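# Notes for the structure review
What follows is each chain in one-letter form.
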Amino acid sequence: MSGRILMRMLMMLIMLTAAAAGGGGDRKMLPERRNLLANGLADTPPMGWNSWNHFSCNINETVIRETADALVSTGLAKLGYKYVNIDDCWAEKTRDQKGNLVARKSTFPSGIKVLADYVHNKGLKLGIYADSGTMTCSKTMPGSLGHEEQDAQTFASWGIDYLKYDNCNNEGIKPTVRYPIMTRALMNTGRPIFFSLCEWGDLHPALWGSKVGNSWRTTNDISDTWSSMMYIADMNEYYADYARPGGWNDPDMLEVGNGGMTKDEYEVHFSIWAISKAPLLIGCDVKSITKETLHILGNEEVIAVNQDRLGVQAKKVRMEGDLEVWAGPLSDYRTVVLLVNRGPVSAEITAHWDDIGLPPKTAVVTRDLWDHMEWKQRPTDSMTAMVASHGCKMFVLKPVS
């Protein structure tokens, strides 16, 4: 028997002995994983609704129930908007005698478990909010620092499907230390819970988030203004290469329908979030949604780009002053192109094949995703469109022989 074979056998014996030693007591043996997080979720970016952008702390169980009802009645649920996410301010300011989080009696008197059952019976999923510090950002409820296992078990027992985990009041402990603790706690529950790292881009979570969560905030909070939205879009685009099925860059929730931007600006907002493979979490009051807002959020062709199985985030491939070309690959050899005009007047914008990754002289079928029509002509080297001020044009290009 050769020395090499003997060495292999010795190494195997050492590994088996170590495994046996590690499996003693009550400790459960978990299969080896590439990442801490292995919940099988987020093959495509999550879609749903979050309470914060419109309601802030002014939430209660009636708002959550009626929002779930509205997602179904408007048809948004059928388009993929499945998560109903409760943000900050849902719990009492102190834990109970056993150290458990408790739903605020004045606003959630039925408790979260009953609310989860209601949402699940609608064919939807319930999300909740917690913080990786001593208190949440509103300072109205306890954080989960030091209570990760207990809180994760509580969430699982209630039937929670999504956890947004914030970064306030963190005692100066690095997020790379705090967040993996909750990752392990969620895994230990045995319940698949989407884990959203709301770390604000503080320590560049795109660089480490894929091993810890299903999405990670790359920016500070969004505001319902054109300047805020575009600034955040630019920040998020920097990390495009780190997004992939199972883990997504998160530039914050959608502001579409909250009234701070024009229709054209909201179309730009929704289009950039879609091509960026960002979570599509509605941030307006769905109960009183307007036809205009429903037209934007319900654009099935734009949603299909966001949910494309290839899962590649688009990038800004050309910028000439206020005129931008964003592009990225889709499945079935298609390409998505977004022309954005950040300037004060309408202007023509041209996308060249060498910028968007198409071979020269490639003829394409051009589908306009906002006008819902195909171009009669088949461009072969570039395409040009007139784009309104603070507006966009969005296309899917499919090569033809």
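Presented here is a report on the structure given in the accompanying data block. Just so it is clear, the model here is predicted, and its values are computed rather than measured.

Further remarks concern the environment of Leu115. Among the secondary structure elements, Leu115 is positioned in helix H4 (residues 112-121). Of the residues examined, Leu115 reaches a relative accessible area of 1% and is grouped as buried. In this structure the C-alpha to C-alpha distance between Leu115 and Arg318, which are 203 residues apart in sequence, comes to 47 Å. In contact with Leu115, other than residues within four places in its own chain, are Glu61, Ile64, Arg65, Ile86, Phe108 and Leu126.

So, on to the nonpolar core. Here is a general trend for soluble globular proteins: nonpolar side chains tend to be buried in one another's company. Among the nonpolar cores identified, the biggest contains 86 residues, and Trp90 and Phe270 are the most heavily contacted of them. When residues of this core are assigned to their parent elements, the largest contribution, 7 residues, is made by helix H8 (residues 263-275). Not counting residues within four places of it along the chain, the set of residues in contact with Phe270 comprises Tyr81, Leu254, Val256, Leu280, Ile296, Leu297, Val302, Ile303 and Trp370. Counting residues in each nonpolar core, the second largest holds 16 residues, with Val325, Ala351, Ile356 and Val364 among its members.

This part covers the pattern of salt bridges. Here the structure, examined in full by the defined rule, presents 22 salt bridges. Across the pair Arg191 and Asp161 runs a salt bridge, and its minimum N-O distance is 2.7 Å. With a gap of 30 residues between them, Arg191 in the loop between helix H6 (175-189) and strand E5 (194-197) and Asp161 in the loop between helix H5 (148-158) and strand E4 (162-166) connect regions that are remote in the sequence. For Asp161, a relative accessible area of 7% puts it in the buried group.

The final tally for this structure, using the stated rule, is 2 disulfides. Across the disulfide, Cys57 is cross-linked to Cys89 (sulfur-sulfur distance 1.7 Å). Taken together, the residues span a long stretch of sequence, with Cys57 in the loop between helix H2 (52-55) and helix H3 (61-73) and Cys89 in the loop between strand E2 (83-85) and H4 at a distance of 32 residues. Residue classification places Cys57 among the partly exposed residues on the basis of a relative accessible area of 27%. Since its relative accessible area comes to 1%, Cys89 is described here as buried. Two residues share a disulfide in this structure: Cys137 and Cys168, whose sulfurs sit 1.9 Å from each other. On the sign convention where negative means left-handed, the S-S torsion of about 95° between Cys137 and Cys168 marks this disulfide as right-handed. In this pair, Cys137 sits in the loop between strand E3 (125-131) and H5 while Cys168 sits in the loop between E4 and H6, placing the two residues 31 residues apart along the sequence. What connects to what in the chain, once the bonded cysteines are numbered by sequence position, is 1-2, 3-4. Not part of a disulfide, Cys198 finds its nearest cysteine sulfur in Cys137, a span of 6.8 Å. Residue class for Cys198 comes out buried when judged on its relative accessible area of 2%. Of all cysteine sulfurs, the one in Cys284 lies closest to Cys392, which takes part in no disulfide; the gap is 18 Å.

Here the focus is the pairing of strand E11 (residues 335-341). For a regular strand, side chains alternate in direction, first toward one face of the sheet and then toward the other. For E11, the buried fraction is high: 7 of the 7 residues fall into the buried class. Judged by which residues are buried, E11 turns out to be covered on both faces: Thr335, Val337, Leu339 and Asn341 on one side and Val336, Leu338 and Val340 on the other are all buried. Where strand E10 (residues 323-329) lies against E11, 7 bridges are found, and the strand directions are antiparallel. In the strand pairing of E11, Pro329 is matched with Thr335. Looking at chain direction, E11 and strand E16 (residues 391-399) are connected through 7 bridges and run antiparallel.

So, about H5. Within the span of H5, buried status applies to Glu148, Asp151, Ala152, Thr154, Phe155, Ala156 and Trp158. Along its buried surface, H5 packs onto H4, E3, E4 and H6. Two residues or fewer after H5 comes Gly159, characterised by a positive phi angle close to 90°.

A separate point is the packing of aromatic side chains. By the definition in use, this model includes 11 aromatic pairs. Relative to Tyr179, the ring of Tyr165 lies with its centre 5.4 Å away and its plane at 85°, an arrangement referred to as edge-to-face. Of this pair, Tyr165 sits in strand E4 while Tyr179 sits in helix H6, and the two are 14 residues apart along the sequence. Residue classification places Tyr165 among the buried positions, given a relative accessible area of 0%. Seen in terms of ring centroids, Tyr179 and Trp208 are 6.4 Å apart; in terms of plane orientation they differ by 55°. Their pairing is tilted. Pair noted here: Tyr179 is in helix H6 and Trp208 is in the loop between E5 and strand E6 (215-217), with a separation of 29 residues, a long-range link. Residue Tyr179 is classed as buried on the basis of its relative accessible area, which comes to 0%. On the basis of relative accessibility, which here comes to 16%, the residue Trp208 falls in the buried class. Over the face of the ring belonging to Tyr118 we find Arg65, whose NZ or CZ atom lies 4.7 Å from the ring centre.

Rules and cut-offs
Each residue is numbered by its place in its chain's sequence as written, counting from 1. Reporting of local features is limited, given that this is a predicted model, to residues whose pLDDT is at least 70; pairs of side-chain atoms are given and counted only at 80 or more, and all residues count toward the totals for whole chains, interfaces and linings. Neither water nor hydrogens contribute to the side-chain values; these are computed over all heavy atoms in the structure. Runs of H or I in DSSP of at least four residues are treated as helices and runs of E of at least two as strands, each being numbered from the N terminus. Partly exposed describes any residue whose relative accessible area lies between the buried limit of under 20% and the exposed limit of over 50%, with all areas from a 1.4 Å probe on protein chains only and scaled to the type maximum. We call two residues contacting when some pair of their heavy atoms lies within 4.5 Å. We define a nonpolar core as any set of buried Ala, Val, Leu, Ile, Met, Phe, Trp, Tyr and Cys residues linked to one another through side-chain atoms lying within 4.5 Å. Salt bridge, as used here, is a side-chain nitrogen of Lys or Arg placed within 4 Å of a carboxyl oxygen of Asp or Glu. We call a pair of cysteine sulfur atoms a disulfide whenever their separation is within 2.5 Å. By definition, two strands form a pair when at least two bridges between them are found by DSSP. Any pair of Phe, Tyr and Trp rings, taking the six-membered ring for Trp, is counted once the centres come within 6.5 Å. Such a pair is stacked with planes under 30 degrees apart, edge-to-face with planes over 60 apart, and tilted for the rest. Note on criteria: charge over ring means Lys NZ or Arg CZ within 6 Å of the ring centre, with the direction from the centre no more than 35 degrees off the ring normal.

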